[in-house]
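These are the residues of each chain, in order.
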Amino acid sequence: MYASNPIAESERAKRLGVELLALGDERYPHALRFIFDPPPVLYVLGRIERADLEAIAIVGSRDASPYGLATAERLGRELAAEGVTVVSGLAIGIDAAAHRGALAAGGRTIAVLGSGVDEIYPRRHRRLADEIAASGAVVSELPFGTPPLAFHFPLRNRIVSGLSLGVVVVEAGEKSGSLITARLALEQGRSVLAVPGEAGLDRTRGVHRLIRRGATLVESASDVLDDVLPWRAARRLGTSAPGMAEELSDDHRRLLAAFQTTTEHIDRLIERSGLNAARALEILLELELVGRVRRHSGMVFAKPSG
């Protein structure tokens, strides 16, 4: 799958203005490091930024209804307006609507491709991809020139969920690829959320099945934030965030107790806390956002004294 000539690939990346981020690079997306099979190299047209730590994926049917398209666009716009990065797959339908909503809000959005970043698919979304790259990023694990073959897309979906703290599904049939993304999100320790639709339609059966199996029902960006990014709601309301001692969960306490020195590598924290990698990452993100830990290069975290 990967390029056999790294030097030629690197030279081509420079010509095209594409960054090649290796797994060991400190600029490599933080959340993506801890999925089961992170891409060894990520091709990035645009930029990955620290703000992308707080990212939500919005996925769904290519054959979306007007209601589904409007809902995806609204969620993308509302989340981006809150400073949340919107992740999706650039596909026709729900994906494109979510990207457009984020762009309309002047926010960040990341498109994950099932082809090389120089082989935009679908072709009708070339202009949309350019707009995304200008203020966010278009990414792929596939070498330049790789066509959009069918088996690439299930692999692509693990990156969509891996970049995100939660995945929102808007309209999905029972065999939709969006359900693959939802399953991968669960395996990665991410939240799965779903927007209910009209009963009895093929395009909503997959979504309703997710809800019956425990996915969080959401209707607005506020619902998403409350479920996946609760510390944001706490900040808006002026109430305590997870950084306050009385608000710490057992997992927060386990992770903080895993610090035997002021600074620790994440591997040691995972080993000592007994948390899986995805959950440990989620907790560290929350603690970092409220100032209880600080992140340094090389996946080293510091616990301030006091």
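Preceding block: the structure.
Let us now look at the packing of helix H2 (residues 66-81) against helix H8 (residues 221-228). How two helices pack is summed up by the angle between their axes together with the distance between the axes. Interhelical geometry of H2 versus H8 gives an angle of 55° and a closest axis separation of 9 Å. Classified by the interaxial angle, the pair formed by H2 and H8 is oblique. Contacts between H2 and H8 involve Leu75, Glu78 and Leu79 from the former and Ala221, Val224 and Leu225 from the latter. Along the lines of polarity and charge, the residues of the contact of H2 with H8 split into five nonpolar, no polar and one charged.

What follows concerns the side chain of Ser88. The topology assignment puts Ser88 in strand E4 (residues 85-88). From its side chain, Ser88 meets the backbone oxygen of Ile58 in a polar contact 2.6 Å long. Beyond its immediate stretch of four places on either side in the chain, Ser88 contacts Ile58, Val59, Asp95, His99, Ile110, Ala111, Val112 and Val160.

A full pass over the atoms with the stated rule returns 15 salt bridges. Between Glu49 and Arg108 there is a salt bridge whose closest N-O contact spans 3.6 Å. One end of the pair, Glu49, is in the loop between strand E2 (41-46) and strand E3 (55-60); the other, Arg108, is in the loop between helix H3 (94-104) and strand E5 (109-112), and 59 residues separate them in sequence. With relative accessibility at 13%, the residue Arg108 sits in the buried group. The salt bridge partner of Glu78 is Arg74, with a shortest N-O separation of 3.7 Å. Of the two residues, Glu78 and Arg74 both sit in helix H2, four residues apart, roughly one turn of that helix. Look at Glu78 and you get partly exposed, because its relative accessible area is 27%. With a relative accessible area of 24%, Arg74 lands in the partly exposed category. Salt bridges sharing common partners tie together Glu19, Asp25 and Arg27.

What counts as what
Residues numbered from 1 in each chain as written. Predicted model: local features only at pLDDT ≥ 70, side-chain atom pairs only at ≥ 80, totals over all residues. Heavy atoms only, no water. Axes fitted to C-alpha atoms, helices over the stretch in contact; angles between N-to-C directions. Helix = DSSP H or I, 4+ residues; strand = E, 2+ residues; numbered from the N terminus. Parallel < 35°, antiparallel > 145°, perpendicular 65-115°, else oblique. Contact = heavy atoms within 4.5 Å. Nonpolar A, V, L, I, M, F, W, Y, C, P; charged D, E, K, R; others polar. Polar contact = N/O pair within 3.5 Å; in protein donor to acceptor, adjacent residues only side chain to side chain. Salt bridge = Lys/Arg side-chain N within 4 Å of Asp/Glu carboxyl O. Buried < 20%, exposed > 50% of the residue type's maximum accessible area, 1.4 Å probe, protein only.

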